[in-house]
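Below are the chains, spelled out letter by letter.
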Amino acid sequence: MRGAVVALALTLWPLAASATPEPAGYRMDEYRAPVPDTLAGARVLSTEAAHALWETGAAVFIDVLPRAPKPEGLPAGTVWREPPRRSIPGATWMPNVGYGALAEVNHAYFRDGLAAATGGDLNRPVVFFCLIDCWMSWNAARRALAYGHTDVMWFPDGTDGWVFYDYPTEVLQPRPGGR
């Protein structure tokens, strides 16, 4: 029995040793990479927990996926159509607020958007998400904590996890005013 426990521990040790630690500040680059299992000051939600919370309507859901950039070098006269963002129904999409460093105009956009989504209530539960292995939602949730929000949740599997479970989605339009 002891040998089996040791063998199991040795098998699982590389997985535990490879866990991504929380950075001291915001993630500043390589935004599509393994994320930590935690976010100090926030609750981390599984897909099932996020869905259950969504069904109750008790929390505001904030999608922070960046907008797709217009491809460079398009021939003159080419019409660029931004790909649609299929997301969690009723979520507010605030693109480009999950970068590690934000210009003041982006901070204002994010603060104003959060105030509108929460009715100005810093204690209202807020869930931040993007895609799986996307630091944008981690950064945005951490930033909301810094702005004074007290009931912050991070849904690291984002819409990838949501769609995997075959939960409903809808096409979202970005909140006006972002850059």
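Presented here is a report on the structure given in the accompanying data block. The structure presented is a predicted model; accordingly, all values stated were derived computationally and were not measured.

Positive phi, normally seen in glycine, also occurs at Glu-30, with a value near 45 degrees. In this model, Asp-166 sits at a positive phi of 65 degrees, which is unusual for a non-glycine residue. When you line up the elements, Asp-166 lands in the loop between helix H5 (158-164) and strand E7 (170-172). On the basis of relative accessibility, which here comes to 68%, the residue Asp-166 falls in the exposed class.

All chains considered together, the criterion is met by 11 aromatic pairs. Members of the aromatic cluster, connected to one another through ring pairs, are Trp-54, Phe-61, Phe-129, Phe-155, Trp-162, Phe-164, Tyr-165 and Tyr-167. Across from the ring centre of Tyr-26, 5.5 Å away, lies the NZ or CZ of Arg-142, which sits over that ring. Between the NZ or CZ atom of Arg-143 and the centre of the ring of Tyr-26, over which it lies, the distance is 4.3 Å.

Here the focus is the side chain of Asp-151. Its location among the elements puts Asp-151 in the loop between helix H4 (135-146) and strand E6 (152-155). A distance of 2.5 Å separates a polar atom in the side chain of Asp-151 from a polar atom in the side chain of Arg-43. Apart from the residues within four sequence positions on either side, Asp-151 is in contact with Arg-43, Leu-122, Asn-123, Arg-124, Pro-125 and Val-126.

On to the pairing of E6. Alternating residues of E6 divide into Val-152 and Trp-154 and Met-153 and Phe-155, and every residue in both groups is buried. Across two bridges, strand E1 (residues 43-44) lies against E6 in parallel orientation. By the bridge assignment, Arg-43 is partnered in E6 with Met-153. As paired strands, strand E5 (residues 126-129) and E6 are joined by four bridges and run parallel to one another. Counterpart to Phe-129 in the pairing with E6 is Phe-155. Of the crossover connections in this fold, the one passing from E5 over H4 to the parallel E6 is right-handed.

Cut-off values and rules
Residues numbered from 1 in each chain as written. Predicted model: local features only at pLDDT ≥ 70, side-chain atom pairs only at ≥ 80, totals over all residues. Heavy atoms only, no water. Helix = DSSP H or I, 4+ residues; strand = E, 2+ residues; numbered from the N terminus. Buried < 20%, exposed > 50% of the residue type's maximum accessible area, 1.4 Å probe, protein only. Phe/Tyr/Trp six-rings, centres within 6.5 Å; stacked < 30°, edge-to-face > 60°. Lys NZ or Arg CZ within 6 Å of the ring centre and 35° of its normal. Polar contact = N/O pair within 3.5 Å; in protein donor to acceptor, adjacent residues only side chain to side chain. Contact = heavy atoms within 4.5 Å. Pairing = 2+ DSSP bridges. Right-handed = clockwise from strand over helix to strand, strands pointing away.

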